[in-house]
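Coordinates in review
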Amino acid sequence: MGAVVQNDKKGASLAALRGGIALLVLTAIVAGCAEGGDPEGGAPAPGQQAGEAAPPVRALHSYAERLRAEQTARVAAARRWGLKQVPLPAPPPPARKPRITTRDGFEVQGHEELGLPPVFTSVPTRDRVVFLTIDDGAEKDPRFLRMMSELRIPYTAFLSDYLISDDYPYFKKMQAAGVTLNNHTLHHPSLPGLSYRRQKHEICGMQTVLGERYGRRPVLFRPPYGNYDRDTLVAAKACGVKFAPLWDEEVFVDHWEYREGDRDLHPGDIVLSHFRGRGEWKGTMSDMVRRFLDKVTAQGYAVARLEDYL
């Protein structure tokens, strides 16, 4: 495994975090003294035992210790999985979620008037975050589950039943780790080539599978190949879908592909990958995650949970 490089930016960020915690602790101590504590060793305040820190101070110490433990675990996990740098932690979810609209040029006739699910490739945010989404469900690599759990990297899955039906429990483990399982149709057809009735069967049928197997009918749907027409979105809405996210970048084991001409990451970009392994790639899903994280971390991005912004 490669050694983890701690760059100046990471060190400065961690130092600033620790400095902020220390300042909070000091403020709480001063406030405790101002409210009647005796720094010279006088009698403790009523209800407080001698030699015991005030509750706010204990809480801040506990919080600081938890942050240090989490950072230590992230460093160890990054080293264990061969990352070049420790992934950046995502910021808190936005207090007010951004308004999601269909990307210009991706509309269908009557899109807004009919209230059809918005089709978008990125989320409007100033946060330096990107969102990892993984499609299909063919590869079921237990090392991938361990890697994502140990690194605490959020991602969103879009599943097709014909690929997951041989191992529903694998995705149950994924769900238990906090991953949302979303709709990618029953059989992964190119939907615009089908009648409305067949499109609705593919989408609603997958809603039923996910509801029965995992206890939740999702509100996110991604059309296979990113292909859709008006019937697709009308059917998706009828099946309970609220959002139809596509992607701006796609990451593989050995390269990236880009929708935008500048071939770069941007705040709020949705990144696509697939559940694939050595049968179709020159590597494993863990190799793909390593390439993904090394790039986004080097460019100063954290990986956030897509559903937190929708």
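Worth saying up front: this structure is predicted, and the values here are computed from it rather than measured. (Residues numbered from 1 in each chain as written. Predicted model: local features only at pLDDT ≥ 70, side-chain atom pairs only at ≥ 80, totals over all residues. Heavy atoms only, no water.)

**Some remarks on the overall build of the chain**
Across its full length, the chain holds eight helices and nine strands. Put simply, 73% of the contacts in the chain that link residues at least 6 apart link residues at least 24 apart. (Helix = DSSP H or I, 4+ residues; strand = E, 2+ residues; numbered from the N terminus. Contact = heavy atoms within 4.5 Å.)

**Considerations on the packing of aromatic side chains**
Tallied over the full model, the rule gives nine aromatic pairs. When the ring of Phe144 is compared with that of Phe275, the centres are 6.1 Å apart and the planes differ by 85°; the resulting orientation is edge-to-face. Pair noted here: Phe144 is in helix H3 (residues 142-151) and Phe275 is in the loop between strand S8 (270-274) and helix H8 (285-298), with a separation of 131 residues, a long-range link. Between the aromatic rings of Tyr170 and Phe171, the centroid separation amounts to 5.0 Å while the plane-to-plane angle is 80°, which identifies the pairing as edge-to-face. The buried category is assigned to Tyr170, whose relative accessible area is 6%. Feature note: the residues Phe144, Tyr155, Tyr170, Phe171 and Phe275 constitute an aromatic cluster, connected by ring pairs. Positioned above the aromatic ring of Trp247, the side-chain terminus of Arg259 is 5.5 Å from the ring centre. Positioned above the aromatic ring of Trp256 is the side chain of Lys295, whose terminal nitrogen or guanidinium carbon lies 5.6 Å from the ring centre. (Phe/Tyr/Trp six-rings, centres within 6.5 Å; stacked < 30°, edge-to-face > 60°. Buried < 20%, exposed > 50% of the residue type's maximum accessible area, 1.4 Å probe, protein only. Lys NZ or Arg CZ within 6 Å of the ring centre and 35° of its normal.)

**Observations regarding helix H5 (residues 168-176)**
Along an α-helix, residues three or four positions apart point the same way, because every turn accommodates 3.6 residues. For H5, every residue scored as buried is listed here: Tyr168, Tyr170, Phe171 and Met174. Viewed end-on, H5 has its buried residues packed into an arc of 155°, placing them on one side of the element. In H5, the exposed positions angled more than 90 degrees off the buried face are occupied by Pro169, Lys173 and Ala176. Buried residues along H5 sit in contact with H3, strand S3 (156-159), helix H4 (161-164), strand S4 (180-183) and helix H6 (196-214). Backbone geometry just after H5 places Gly178 at a positive phi near 105°. (Arc of directions from axis to C-beta.)

**Focus on the packing of H3 against H5**
Running from N to C, H3 and H5 point in directions that differ by 5°, and their axes come no closer than 11 Å. Judged by the inter-axis angle, H3 sits roughly parallel to H5. Where H3 abuts H5, its residues Pro142, Phe144 and Leu145 lie against Tyr170, Lys173 and Met174. Per-class residue counts for the contact of H3 with H5 are five nonpolar, no polar and one charged. (Axes fitted to C-alpha atoms, helices over the stretch in contact; angles between N-to-C directions. Parallel < 35°, antiparallel > 145°, perpendicular 65-115°, else oblique. Nonpolar A, V, L, I, M, F, W, Y, C, P; charged D, E, K, R; others polar.)

**Notes on the side chain of Arg222**
Counting through the fold element by element, Arg222 comes out in the loop between H6 and helix H7 (230-238). A relative accessible area of 0% places Arg222 in the buried class.

**Some points on unusual backbone geometry**
Phi is positive for His188, which is not a glycine, with a value near 60°. Along the chain, the position of His188 falls in the loop between S4 and H6. Overall, His188 belongs to the buried group, its relative accessible area being 11%. In the Ramachandran plot, Tyr225 falls in the positive-phi region, its phi being about 65° despite a non-glycine side chain.

**Here we look at the confidence of the model for the chain**
Taken over all residues, the pLDDT of the chain has a mean of 87, while the share at 70 or more is 83%. When the criterion is pLDDT under 50, residues 1-19 qualifies, and its contacts beyond four places in sequence or with other chains add up to 28 contacts. The model gives residues 21-51 a pLDDT under 50, and that stretch makes 14 contacts with residues more than four places away or in other chains. (pLDDT = per-residue confidence, 0-100.)

**Considering the pattern of salt bridges**
Two side chains with opposite charge may pair up if their charged atoms get near one another. Inspection of the entire model under this criterion finds eleven salt bridges. Residue Arg276 pairs with Glu280 through a salt bridge whose shortest N-O separation is 3.2 Å. Of the charged contacts, one joins Arg290 and Asp287 as a salt bridge, the two residues approaching to 2.8 Å between their closest N and O atoms. Residue Arg290 and its partner Asp287 are both found in helix H8; the two are separated by three residues, about one turn of the helix. The buried category is assigned to Arg290, whose relative accessible area is 17%. (Salt bridge = Lys/Arg side-chain N within 4 Å of Asp/Glu carboxyl O.)

**Overview of the state of the cysteines**
Taken as a whole and assessed by the stated rule, the structure comprises one disulfide. Covalently, Cys204 is tied to Cys239 through a disulfide, its sulfur atoms 1.8 Å apart. Given an S-S torsion of about -95°, the disulfide between Cys204 and Cys239 has left-handed geometry. Residue Cys204 is located in helix H6, and its partner Cys239 is located in the loop between H7 and strand S5 (244-245); the two are separated by 35 residues in the primary sequence. (Disulfide = S-S within 2.5 Å.)

**Comments concerning the side chain of Asn183**
Summarising the element assignment, Asn183 is placed in strand S4. We classify Asn183 as buried; its relative accessible area is 0%. A polar atom in the side chain of Asn183 sits 2.9 Å from the backbone oxygen of Ile203. Leaving out residues up to four positions away in the same chain, Asn183 has contacts with Phe158, Leu159, Ile203, Met206, Gln207, Leu210, Pro218, Leu220, Phe221 and Arg222. (Polar contact = N/O pair within 3.5 Å; in protein donor to acceptor, adjacent residues only side chain to side chain.)

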